[in-house]
Amino acid sequence: CGYRLAGQGTSLPGGVKSLYIASFANKTAEPFLDTAISNALSRRFNRSRNLRVVAEENQAEAVLSGAVVGYSSRPLSYDRQDRVREYRSKMKVEGRLTSVSDGRILWQGSVGWQEDYAASDNLALQEDRERAAVEVLVERLADELYYRLMDDF
Amino acid sequence: ETATKGKPSPVDGVPVAVAEQDAAVPAVAQPKAANRGKQAVRDGKTSLEELQRRPVDIAADRLEQDEQAGWYRAEGNVRVTSGPVSLLSDRVRVNPETEDVLAEGHVVLEGPEGILRGDRLAMNLGTGLGRLDGGSVFLRENNFHIAGDLIEKIGEKTYTVRRGTFTSCDGIDPDWHFSARDLKVTVDGYARGRHAFFYLGGLPVLYTPYILFPVKRERETGLLMSSFGYSQRRGTQISVPFYWAIARNQDATFYLDWLSELGLGKGIEYRYIFGQENAGEARYYHVSGTGGAGDRYAVEWDHVGPLPGGWIFTSDSEYVSSRDYWQDFGEVAGEYNKDKVDSTLTLGKGWRRINLTGQLRYSKDLQGDNDQTLQRLPEVRLDVLRQRIGQTAYSWELESSATYFWRREGIKGERLLLRPALSADWSLWDVFEIQPTIGYTERLYWTSNDGPGYEEKGLFDFSTRVSTRISRVYQPVDMRVERLRHSIEPDIRYEFVPNRDQSQLPEFDVRDRIDARNRISYGLVNRFVGRWSGEDGSPVYHEFLYLRLSQEYDIRESRRSLLDPTDEKRPFSSLRTEMILRPNAGTLLDLDFRYDPDAGRQRFSTFNLLGRYRDGRGNGIKAEYRYARNQVEYVDATLEFDLFRPVYLDYRHRYDLRDDEELEKALDLEYRSQCWSLFLTLRDREGDRSFMVTFELAGLGRVGSIGGSLGGGN
Amino acid sequence: ADAFNRDAPLEITSDRLEADDVSKTVVFIGHVVGRQDDLTIHAGRLTVHYRQGRQIRTIVAEEDVRIIQGERVATGQKAVFDRQEATIVLTGDPRVNQGKDFVAGERITVFLDEKRSLVEGGEKERVRALFHPRSKDNGQNPAR
């Protein structure tokens, strides 16, 4: 029926097959996002069959680097007394794929995602929910970054 | 063929706020960009080099050429053109060797940067520098008009003006302008002057011995002048900001607010950029209350910046003296009904595979009692990022954190948490990607005496994920895309956490109660991505539809006691559907709902819909519907249109459907004249009706990059 | 090249020649080519007016006049060379070319001794000039 396993025909820009993922930086005032996005990217890219993620930069044809450039968590919806009932967390990640041989930029772009969570009178619970939302955000952003790179069809 | 992918650029200024995806998208109706054939105007630098290579074309009534002196003299409405630069005047003397030009009488020099007019111009075609007597300069980039007795261009983008005036208003008698004894203006930089007067129309309104203005074009950073208004809570409000540019990289705005109901407000916003990246903004606002009401103040400090040694320090701090501060002084939704105020200071450093970050986090609960609020003073995390073990398919990672939890009343204590994890990346038949992970979370506690004292508990967690992806590329005939790829990604995840009693552990956050889990979650993600060739031929991709379906099956829930008839087993979670539809750059539909198969009448546990349309010319509508069973049913609609140019209208309506309550109606009208704007804001919200009139000069930007009003409005 | 050497021998060739002592004119007709020093003149018709004792007073060249001096080529319908004034006045759509550069107008006067030239426009045609700035190294001045 024409549906083929992803892997044949799609590849990273510039036909790159082996990749090193640098640890992403955190350019926001929200802590720990660098670890969260770097681990999510490692999980996502290492899962891919048609891509070899290597441990050392010099073994790779291209390096994926970038940073979390935006994070916000703001009120989203309110109740009858106009009190906050839901929050929306937004995160934006910029990425760049550079070729190791000549430093050329093979791909560059940014991806963003948002996840909502319920407010709570217990602030600690509300922060737990925000952290859960951040975990979903980094996973979805890793997927988005992966698919934007594998878009080369 | 290694075509570098068309760099996705925000499409004609349409910020896609939701699920941000910067994709270069052809506006559906836009015809192929007509090639304007106009010579591409490059910035000053390159055009000067080309100037040197470009021929000089002279037309005149008379042309005299003297080889001895090495110059030409042209007379009689002379026109000298060289590439994009053209010079008109009564008499011109040109020395082709030195490229010095002297033009006299009705001189008009037009170039990519702007137009110089004057009586006498001495200039060098090569360097582009020169002197203009009794003339005016129009800078195209900032729409700036500079006039003066003597204007010298001393740098590529730097002009000095003696007894000059400067404004961004077109026309002979500008609506506002500055005059200064001597003025130095750098395009995209700063205007500096001494003994300056500010004129409204022809009336001198303000004198300042020294002015320095950032000279930028962006519209939204216009210079705020004064504003007045009335609100039931604040009474009559007159606010006079005084903008002071301290130096090239610092500026400040002082506010003096007279609020008849609340007292005299004094505010300062200080913005700075030190070195390349140390940027920040600090705000302090103090109100000395009237009629016995106490003083109130708010402090904010946002900062992001590197320190020596690769450390990065950030601050996102906010403190208010009283709980009702924001109800009185907040202007927009999200400000006036803030429920908490957070201050976060972080210090972190990253090595190749290790991140070390510490934070001090203090939250002040504006609604509830604050003594119980849990603070993290500090929380330090050392994480080893997930990395491959040699060439094997195994990877390991380590999360470790030490946190001191503090609260005024209740259990205080420290927690050391360690979670090493091992995972593998296997492939089954080269079809399925399998990623099992096993981790062990170890926690150690030392709590204050009213807590359990020393405690320790560790437990395993196991999860595995199986996924694959199939896709097909269609070649649609009629649609405007050359290729359309539909990809389907099934994804199954199994999670198991043993059931361990953790009741004796203190309960600070969710990591102290890792509940048992035996669950399968499965999902399907569909993506429809179109591809066409952009203007420069490189491929452009746009995701038209993202559709994710996901559900969970809880094995623990399914195995509950089979014999208890009243035990309603509910192993299946609700089915969550997330759909993001983007037919083109300006249109977005974002649907996110949870459907409960066995929930009786109310099938939807949550139903959220966001729709937005922008036509790219300033008209647009955005509507968001939020529903969570028994908790929220809420609508937030925004309308923007500019049909009555030069009046731009922005209307927002927020409504609580659960209890049929109008929450807020806000109307923003902007009268946008050519070089200034008048804003009228009408707002009707819970417990306050207000209007506000604000006057703003266009074209005079502020230094700060971190914008946002008091309280960092949303 | 240095100043124009007025005393250099002037050699003129043509299809036909008519001399008229009374009006002291010698007229060369048909493919006229005149050379003096490094200056060459081509014309359809060349009339030399001289004074007592064979002193040349003026030379008038007409019909597709072309004057070549080194790299410079001046063209026009009529050129009057006045020995006394050491000037050449070109009219009839006159134009001076040098490589890609050129100067054109209704009347071009070249002052041979002062290395100066004057181009004048009229109602019909304004003065036009096009110069390519020489890169600094070879320092050749198009105007010479």
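Relevant structure appears above.
Residues numbered from 1 in each chain as written. Chains lettered and ligands numbered in written order. Predicted model: local features only at pLDDT ≥ 70, side-chain atom pairs only at ≥ 80, totals over all residues. Heavy atoms only, no water.

Novice: What's the story with the pattern of salt bridges in this structure? I'm lost.
Specialist: Once their charged atoms are close, side chains differing in charge can pair, the charge on each being opposite to the other. Within this structure, the stated rule accounts for 78 salt bridges over all chains. Linking Glu75 of chain B and Arg62 of chain B is a salt bridge whose minimum nitrogen-to-oxygen distance equals 3.3 Å. Here Glu75 of chain B is found in strand E3 (residues 71–82), whereas its partner Arg62 of chain B is found in strand E2 (residues 62–66), with 13 residues between them in sequence. We classify Arg62 of chain B as partly exposed; its relative accessible area is 29%. Several salt bridges converge on common partners, so that one network encompasses Arg62, Glu64, Arg73 and Glu75 of chain B together with Arg107, Arg116 and Glu120 of chain C. (Salt bridge = Lys/Arg side-chain N within 4 Å of Asp/Glu carboxyl O. Helix = DSSP H or I, 4+ residues; strand = E, 2+ residues; numbered from the N terminus. Buried < 20%, exposed > 50% of the residue type's maximum accessible area, 1.4 Å probe, protein only.)

Novice: Help me out: how do you make sense of the state of the cysteines in this one?
Specialist: Cysteine pairs can be linked by a disulfide, which is a covalent bond between their two sulfur atoms. Residue and element names in this part refer to chain B. Evaluated as defined, the whole model comprises one disulfide over all chains. Residue Cys169 pairs covalently with Cys675 via a disulfide, S to S 1.9 Å. Across the disulfide from Cys169 to Cys675, rotation about the S-S bond amounts to roughly 85°, and the bridge is consequently right-handed. Taken together, the residues span a long stretch of sequence, with Cys169 in the loop between strand E9 (158–167) and strand E10 (176–186) and Cys675 in the loop between strand E38 (661–672) and strand E39 (676–685) at a distance of 506 residues. Across this residue pair, the class does not change: Cys169 and Cys675 are buried. (Disulfide = S-S within 2.5 Å.)

Novice: Honestly, the interface of chain C and chain B in this entry has me stumped. Any pointers?
Specialist: Buried accessible area, meaning the area lost when the parts come together, often serves as the stated size of an interface. Tallying the contact residues gives 23 residues for chain C and 21 residues for chain B. Buried area between chain C and chain B, summed over both chains or domains, comes out near 2,200 Å², and the portion from carbon and sulfur atoms is 45%. At the junction of chain C with chain B, the criterion picks out four salt bridges. One salt bridge in this structure joins Arg126 of chain C and Asp61 of chain B, with 2.7 Å as the shortest N-O distance. The interface formed by chain C and chain B includes nine residue pairs in polar contact (both at pLDDT 80 or more). Contributions of two or more residues to the side of chain C that touches chain B are made by strand E11 (116–120) and strand E12 (127–131) of chain C. The pairing of E2 of chain B with E11 of chain C spans five bridges and is antiparallel. (Contact = heavy atoms within 4.5 Å. Buried area = accessible area lost by both parts, 1.4 Å probe. Polar contact = N/O pair within 3.5 Å; in protein donor to acceptor, adjacent residues only side chain to side chain. Pairing = 2+ DSSP bridges.)

Novice: When you look at the interface of chain B and chain A in this model, what are you seeing that I'm missing?
Specialist: Across the contact, 96 residues belong to chain B and 79 residues belong to chain A. Each partner contributes to the roughly 7,800 Å² buried at the junction of chain B and chain A, and carbon and sulfur atoms together form 46% of this total. Applying the counting criterion to the chain B and chain A interface returns 15 salt bridges. For Arg361 of chain B, the salt bridge is made with Glu30 of chain A, and the minimal N-O distance between the two is 4.0 Å. By residue number, the principal contributor to the side of chain B that touches chain A is strand E29 (residues 483–497) of chain B, which donates eight residues. For the side of chain B that touches chain A, the per-class residue count stands at 27 nonpolar, 25 polar and 44 charged. (Nonpolar A, V, L, I, M, F, W, Y, C, P; charged D, E, K, R; others polar.)

Novice: So what exactly am I meant to see when it comes to the packing of helix H1 (residues 33–47) of chain A against helix H2 (residues 123–149) of chain A here?
Specialist: A packed helix pair is summarised by two numbers, namely the angle formed by the two axes and the spacing between the axes. All names here are of chain A. Running from N to C, H1 and H2 point in directions that differ by 50°, and their axes come no closer than 9 Å. In terms of orientation, H1 and H2 fall into the oblique class. Here H1 runs over H2; the crossing is right-handed. Contacts between H1 and H2 involve Leu33, Ala36, Ile37, Ala40, Leu41, Arg44 and Phe45 on the former and, on the latter, Val134, Val138, Glu139, Leu141, Ala142, Asp143, Leu145, Tyr146, Tyr147 and Leu149. (Axes fitted to C-alpha atoms, helices over the stretch in contact; angles between N-to-C directions. Parallel < 35°, antiparallel > 145°, perpendicular 65-115°, else oblique. Left-handed = near helix turned anticlockwise from the far one by under 90°.)

Novice: Help me understand the packing of aromatic side chains, please; the structure alone is not making it clear to me.
Specialist: Summed over all chains, the structure comprises 38 aromatic pairs over all chains. Ring centres of Trp176 of chain B and Phe198 of chain B lie 6.2 Å apart, and the angle between their planes is 40°; this geometry places the pair in the tilted category. Pair noted here: Trp176 of chain B is in strand E10 and Phe198 of chain B is in strand E11 (residues 190–200), with a separation of 22 residues, a long-range link. Across the pair, Phe198 of chain B and Trp176 of chain B agree in class, each one buried. Ring centres of Phe604 of chain B and Phe607 of chain B lie 5.4 Å apart, and the angle between their planes is 75°; this geometry places the pair in the edge-to-face category. An aromatic cluster is built from Phe144, Phe166, Trp176, Phe178 and Phe198 of chain B, whose rings are joined through pairwise contacts. Over the face of the ring belonging to Phe32 of chain A we find Arg381 of chain B, whose NZ or CZ atom lies 4.8 Å from the ring centre. (Phe/Tyr/Trp six-rings, centres within 6.5 Å; stacked < 30°, edge-to-face > 60°. Lys NZ or Arg CZ within 6 Å of the ring centre and 35° of its normal.)

Novice: Even after reading the chapter, I still don't get the pairing of E3 of chain B, so can you show me in this structure?
Specialist: Consecutive residues of a regular strand have side chains that alternate between opposite faces of the sheet. All names here are of chain B. With three bridges joining them, strand E1 (residues 56–60) and E3 adopt antiparallel strand pairing. Residue pairing across strands places Asp57 opposite Thr81, the latter belonging to E3. In this structure, E2 lies alongside E3, joined through five bridges in antiparallel fashion. Its bridge partner lying in E3, Gln65 is registered against Tyr72. Linkage of E2 to E3, two consecutive antiparallel strands, is achieved through a turn of four residues, within which Gly70 is found at a positive phi near 75°. Note that E3 and strand E4 (residues 85–95) share nine bridges and pair antiparallel. Note on E4: the bridge partner recorded for Val80 is Leu87. Between the end of E3 and the start of E4, which pair antiparallel, lie two residues, with Gly83 showing a positive phi angle near 60°.

Novice: Please explain H2 of chain A as it appears in this structure.
Specialist: One turn of the α-helix equals 3.6 residues, which is why residues spaced by three or four share an orientation. All names here are of chain A. Between the first and last C-alpha of H2 there are 38 Å, a value that for 27 residues agrees with the 39 Å anticipated at 1.5 Å per step. For H2, the tally of buried residues reaches 20 of 27 residues, placing the bulk of the element in the interior. For H2, the side-chain oxygen to backbone nitrogen distance between the N-cap and Ala124 is 2.8 Å, and the N-cap itself is Asn122. (Expected span 1.5 Å × (residues − 1).)

Novice: I keep staring at the nonpolar core and nothing clicks. Help me out?
Specialist: The biggest cluster of nonpolar side chains holds 72 residues, and the ones touching the most others in it are Ile58, Leu63, Leu87 and Leu121 of chain B together with Leu46 of chain C. Examining the composition of this core, we find that six residues originate from one element, strand E4 (residues 39–51) of chain C, more than from any other. With residues up to four places along the chain from it excluded, the contact list for Leu63 of chain B reads Ile58, Tyr72, Arg73 and Ala74 of chain B together with Val103, Ser117, Leu118, Val119, Val127 and Ala129 of chain C. Judged by nonpolar contacts, the second largest core, of 38 residues, contains Ala62, Leu64 and Met91 of chain A together with Leu588 of chain B. (Core = buried A, V, L, I, M, F, W, Y, C linked by side-chain atoms within 4.5 Å.)

Novice: Can you walk me through the environment of Ala129 of chain C in this structure?
Specialist: Here Ala129 of chain C lies in strand E12. When neighbours within four sequence positions are excluded, Ala129 of chain C is seen to be in contact with Val56, Asp57, Ile58 and Leu63 of chain B together with Phe102 and Val103 of chain C.

Novice: I tried to follow H1 of chain A on my own but got confused; where do I start?
Specialist: Over its 15 residues, H1 of chain A runs 21 Å from end to end, which matches the ideal 21 Å to within 8%, given 1.5 Å per residue. Among the 15 residues that make up H1 of chain A, 13 are buried, leaving the element largely enclosed by the rest of the structure.

Novice: Looking at this structure, I do not really get the environment of Val473 of chain B. What am I missing?
Specialist: In this structure, Val473 of chain B sits in strand E28 (residues 470–474). Between the alpha carbons of Val473 of chain B and Phe528 of chain B there is a distance of 9.7 Å; along the sequence they are 55 residues apart.

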